[in-house]
Amino acid sequence: MEPNVPLSALSRIAPCLYEIPKSFRPDMRVGARIFANEEILDEIHADRSLWQLVNTAAMPGVVGFAIAMPDIHQGYGFPIGGVVATRAEDGAVSPGGVGYDINCGVRALLTPWSKTEFLPKLDGILNALFHEIPAGVGKGISKPLSFEEMEKVLARGAGQLVEWGCGYPEDLEATESDGRLASADARFVSRRAKERGLHQLGSLGSGNHFLEIQVVDTLYDETLSADWGISKDQVILMLHTGSRGIGHQNCTDFVRRMVQNQDRWGYALPDKELACAPLDSTEGREYLAAMAACANFAWANRQMITHRVRMILERIGRVDPREIKILYDVAHNIAKLETHEINHAPVEVCVHRKGATRAFPKHHPELSGLYRETGQPVIIPGTMGTYSYILGGTSASMTQSFGTVCHGAGRRLSRSAAKRQTSGAQVRQDLKERGTLVRCQSNQGLAEEAPCAYKDVNEVVEVVQEAGLARKVARLTPIGVIKGG
Amino acid sequence: MKRKFESLDQTADLRLRVRGGSPEDLFQNAVRAVFTAMKPRKTAGRVRRRLKADGLGLEDLFVNFLNELLTNADTHQECYDKARIKIIKDRRLVAQVSGFGVLGVGLQIKAATHHDLALGEKDGCYEATVVLDV
């Protein structure tokens, strides 16, 4: 078990920013920074995430700082809720810095309904979503993809689904990277990984993946909300899922390759799950290309679910499916080659975001026309029964955190500890009393994902705003939840 | 008598401790540990698979074997409750696993990781601790 970083090693350098200096440990190549307030820092310190953050500061080619978001928690190797950038020229890329669920991410769908208009339909729509959107392990579409179809999805991402009639061209503009990383090369995704994904396109998965029906209860920025089509009392759907088995297998395959080759590159890293390869090596290039292909699958997955949601809402809600618009779709487990300013000079870096969300400001060249003038929306889901947030990207995040913010509330209790504190039946009851209906196959899964198992998302978002990394635009409250467990 | 397997606290993932009287016994108990943790919802009928795995040493072999199981389980929508395993020079193994089809599971395990992996023998008892991504 890793040791912990003593709190005395941290110095507070700004109201919501702490630093662990490079001198803390001899193998650190850069310092580490943690965005947190005092209460959150205490929670962070209760697990080993700070030590894991320090480990990532030892990555070959790491630049700037190893950064922790306020929702950081202990992972395996890299902590969850961290950002690490390595120089493209001579740095390394690590599959562990992305995670097994490549392009796990969140999508928000705007509907034309107010809460009052929607409530009479809630039960029927929730039941239909629960029964018709595959969730849980192994469950996917009734007709699996062929290998040929899989190749197209891996190459074209969400765009392939639009071509198949499962979406609209404007959906791609409202998706990070237009729903596709052009650097994808499916040749480097193993056949086994592809096999795992054949029957999983259009499925939620389990654990903390969900489909939620939410209502806008507060607008913090009325101008930006109006620009983005968000209004008070509006019903919004939020979807959280990733690349399913194909991503998991791809990560397993490449972690194994890299573990076997660490000696070849002379890497001596404190944790095998930090295993990495030089970005300019065969393994590094192939990993990035395969990861991109799996990221494309995840965007296609969320696009397929969106299509199904639209069909259900059309049938039961009697709405034109085109009126269900994507606000935005963000990835929170991904590695991307981006240009950032390091010591006042532009440097191409590989940004590893593991449980962390991109938050680009206005005029950023990577943003599509839709958000070029405002900056991108950032979607931060809470836990069941708690608020979720829509934020807007700011320029401060570019200089402080590689254009990155948190991804959610961050776990603070293990699954066992959560089950000791509450039960699935109690969670259902508590949510019902708060006006939230839940559909989930497993009560055990509900207990493990209970709100008490997570940090306070309101505090997490406050830290992000106070640090200037993003600004609050709207707050959402759930009225219906579908969990995959 | 110590339990053959148990789950330990881990913030966001699953940490298992597995025991056995020999490496093969350890690996067999690991099969039951993993799929018990997954809380499968079974369908009727039994399934059988032959698996192979290799590794740089016994620890690496352990992780690779668990990942081989998880790959097969996810691909074929199965879980396994029995295994016959032959380990060759701590670097290769062949296994025959049997189990059942599943409609779903209560907990999806994505992969076994190398994080905090420990595998050793003391007083004739083999013990392994492994963290799995859920």
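In case you missed it, the structure is sitting above this.
Basis of the calculations
Residues numbered from 1 in each chain as written. Chains lettered and ligands numbered in written order. Predicted model: local features only at pLDDT ≥ 70, side-chain atom pairs only at ≥ 80, totals over all residues. Heavy atoms only, no water. Contact = heavy atoms within 4.5 Å. Buried area = accessible area lost by both parts, 1.4 Å probe. Salt bridge = Lys/Arg side-chain N within 4 Å of Asp/Glu carboxyl O. Polar contact = N/O pair within 3.5 Å; in protein donor to acceptor, adjacent residues only side chain to side chain. Helix = DSSP H or I, 4+ residues; strand = E, 2+ residues; numbered from the N terminus. Buried < 20%, exposed > 50% of the residue type's maximum accessible area, 1.4 Å probe, protein only.

*Asks:* Help me out: how do you make sense of the interface of chain B and chain A in this one?
*Replies:* Note: interface size is frequently given as the accessible area lost on complex formation between the parts. The interface of chain B with chain A comprises 35 residues on the first partner and 45 residues on the second. Looking only at chain B, the three residues that lose the most surface to chain A are B:Thr11, B:Asp74 and B:His115, adding up to 19% of its buried area. Between B:Asp74 and A:Arg196 there is a salt bridge, with the nearest N and O atoms lying 3.0 Å from each other. Between chain B and chain A we count 16 residue pairs in polar contact (both at pLDDT 80 or more) in total. Among the secondary structure elements, those contributing two or more residues to the side of chain B that touches chain A are strand 3 (40-54), helix 2 (58-76), strand 5 (92-105), strand 6 (111-112) and strand 8 (125-133) of chain B. Residue contributions to the side of chain B that touches chain A peak at 8 residues, all from helix 2 of chain B.

*Asks:* Explanation requested: unusual backbone geometry in the structure shown.
*Replies:* If a residue is not glycine, its phi is most likely negative; likewise, a peptide bond is most likely trans. Of note, A:Asp233 is a non-glycine position whose phi angle comes to about 70 degrees, a positive value. With respect to the secondary-structure elements, A:Asp233 resides in the loop between helix 8 (222-228) and strand 9 (234-241). The partly exposed category is assigned to A:Asp233, whose relative accessible area is 35%. Positive phi, normally seen in glycine, also occurs at B:Gln77, with a value near 60 degrees.

*Asks:* Just to check I follow, could you spell out the pattern of salt bridges for this structure?
*Replies:* It is possible for side chains bearing opposite charge to pair when their charged atoms get close. Residue and element names in this part refer to chain A. Inspection of every chain in the model, using the stated rule, returns 35 salt bridges over all chains. Close ionic contact of arginine 33 with glutamate 19 constitutes a salt bridge, the shortest N to O distance being 2.8 Å. Residue arginine 33 is located in strand 3 (residues 31-35), and its partner glutamate 19 is located in strand 2 (residues 17-20); the two are separated by 14 residues in the primary sequence. Using a relative accessible area of 24% as the deciding quantity, one classes arginine 33 as partly exposed. We classify glutamate 19 as buried; its relative accessible area is 17%. For aspartate 329, the salt bridge goes to arginine 107, with nearest N and O atoms at 2.7 Å. A residue pair is termed long-range when its members are at least 10 positions apart, and aspartate 329 in strand 11 (residues 325-331) and arginine 107 in strand 7 (residues 105-114) qualify at 222 residues. Relative accessible area serves as the criterion here: at 0%, arginine 107 is assigned to the buried category.

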